[in-house]
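Coordinate analysis (summary)
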Amino acid sequence: QQPVQSPQAVILREGEDAVINCSSSKALYSVHWYRQKHGEAPVFLMILLKGGEQKGHEKISASFNEKKQQSSLYLTASQLSYSGTYFCGSLYNQGGKLIFGQGTELSVKP
Amino acid sequence: EAQVTQNPRYLITVTGKKLTVTCSQNMNHEYMSWYRQDPGLGLRQIYYSMNVEVTDKGDVPEGYKVSRKEKRNFPLILESPSPNQTSLYFCASSPHGDSLNYGYTFGSGTRLTVV
């Protein structure tokens, strides 16, 4: 049931764009996105509800494709502060079990 | 300041010695949860609680116990810790369990080593 994230790791130069995908084999109720910097706790970025809604947070946005059971996180014009591990979390019903993917490590270089 | 507080931050213990990791939130959140984080495995849910006196198993509950006697506190109990429970533990809370509109607020983490 764990969602699958891709890629596992990505290295960018400042100003470049990146896309992180989160796929599920089971119908999704909602998807969370979090960023975790090294040695710190995960920090909530945004929630996507089924219906293809797209949301934004600074220059980071995300979409939810209900047909493909996939969510994508878009990082535009990346900054050094974007470095960290990004996790998607899948909620399959209202029951409270948020299941996280294995994470995508993003490194932004000057 | 709105926060989730975990204690201790670091703990080294021996196999079989009972321990408790405390978690407290000051946001009046109904929902609380425990996760463990291991390299390459992401965050795996141990237990969660939708409200006071309501707890349920996550994906990896074996070897752990929880209780939710008060809304603000959600301690994680390891009755007989083993080396495979060496991990980084996070407590998280959210206003409601359905998580439709609210993300989780995480505590700073507890790094546990069982020798």
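It should be noted that the structure appears before, not after, this text.
Notes on the structure follow. (Residues numbered from 1 in each chain as written. Chains lettered and ligands numbered in written order. Predicted model: local features only at pLDDT ≥ 70, side-chain atom pairs only at ≥ 80, totals over all residues. Heavy atoms only, no water.)

1. Structural notes on the overall build of chain B
Along chain B, the regular secondary structure elements total zero helices and eleven strands. Secondary structure of chain B in N-to-C order comes out as β-β-β-β-β-β-β-β-β-β-β. A compact globule built from 115 residues would reach a C-alpha radius of gyration of about 13 Å, and chain B, at 13 Å, matches this within 12%. If one aligns the C-alpha atoms of chain B with their principal axes, the spans along those axes are about 40 × 30 × 30 Å. Relative to its full complement of 115 residues, chain B shows a buried share of 50%. (Helix = DSSP H or I, 4+ residues; strand = E, 2+ residues; numbered from the N terminus. Rg over C-alpha atoms; globule rule 2.2 N^0.38 Å. Buried < 20%, exposed > 50% of the residue type's maximum accessible area, 1.4 Å probe, protein only.)

2. Structural notes on the interface of chain B and chain A
In many reports, interface size means the accessible area that the parts give up when they come together. Each side of the interface is counted separately: chain B has 25 residues, and chain A has 23 residues. With both sides pooled, the region where chain B packs onto chain A buries about 1,800 Å², and carbon together with sulfur makes up 56% of that total. In this assembly, chain B and chain A are joined by zero salt bridges. Counting every contact that joins chain B to chain A gives four residue pairs in polar contact (both at pLDDT 80 or more). Broken down by secondary-structure element, the contributors of at least two residues to the side of chain B that touches chain A are β4 (31–38) and β5 (42–51) of chain B. Sort the elements by how many residues they give to the side of chain B that touches chain A and β5(B) lands first, with five residues. (Contact = heavy atoms within 4.5 Å. Buried area = accessible area lost by both parts, 1.4 Å probe. Salt bridge = Lys/Arg side-chain N within 4 Å of Asp/Glu carboxyl O. Polar contact = N/O pair within 3.5 Å; in protein donor to acceptor, adjacent residues only side chain to side chain.)

3. Let's talk about a nonpolar patch on the surface
All names here are of chain B. Together, Ile12, Val14 and Val115 make up an exposed nonpolar region whose accessible area comes to about 310 Å². Relative to the helices and strands, Ile12 resides in strand β2 (residues 10–13). Judged by relative accessible area, which is 66%, Ile12 ranks as exposed. (Patch = residues over 30% accessible without salt bridge, like charges linked within 9 Å, V, L, I, M, F, W, Y side chains within 5 Å. Areas by Shrake-Rupley, 256 points an atom, 1.4 Å probe, with all protein chains shown as cover.)

4. Considering the environment of Ser67(B)
Residue and element names in this part refer to chain B. Mapped onto the secondary structure, Ser67 falls in the loop between β7 (65–66) and β8 (76–78). Expressed as a C-alpha distance, the spacing of Ser67 and Lys57, which sit ten residues apart in the sequence, is 12 Å. Setting aside residues no more than four positions away along its own chain, Ser67 makes contact with Asn73, Phe74 and Pro75.

5. Examining the nonpolar core
Grouped together as the largest cluster of nonpolar side chains are 23 residues, with contacts concentrated most on Trp33(A), Met46(A), Leu73(A), Leu75(A), Tyr86(A) and Leu106(A). Contributing elements (two or more residues each) for this core: β2 (9–13), β3 (18–23), β4 (30–36), β5 (43–49), β7 (60–65), β8 (70–75), β9 (84–91) and β11 (104–109) of chain A. The next biggest cluster of nonpolar side chains, apart from the first, holds 18 residues, and it includes Ile46(B), Tyr47(B), Val66(B) and Val114(B). (Core = buried A, V, L, I, M, F, W, Y, C linked by side-chain atoms within 4.5 Å.)

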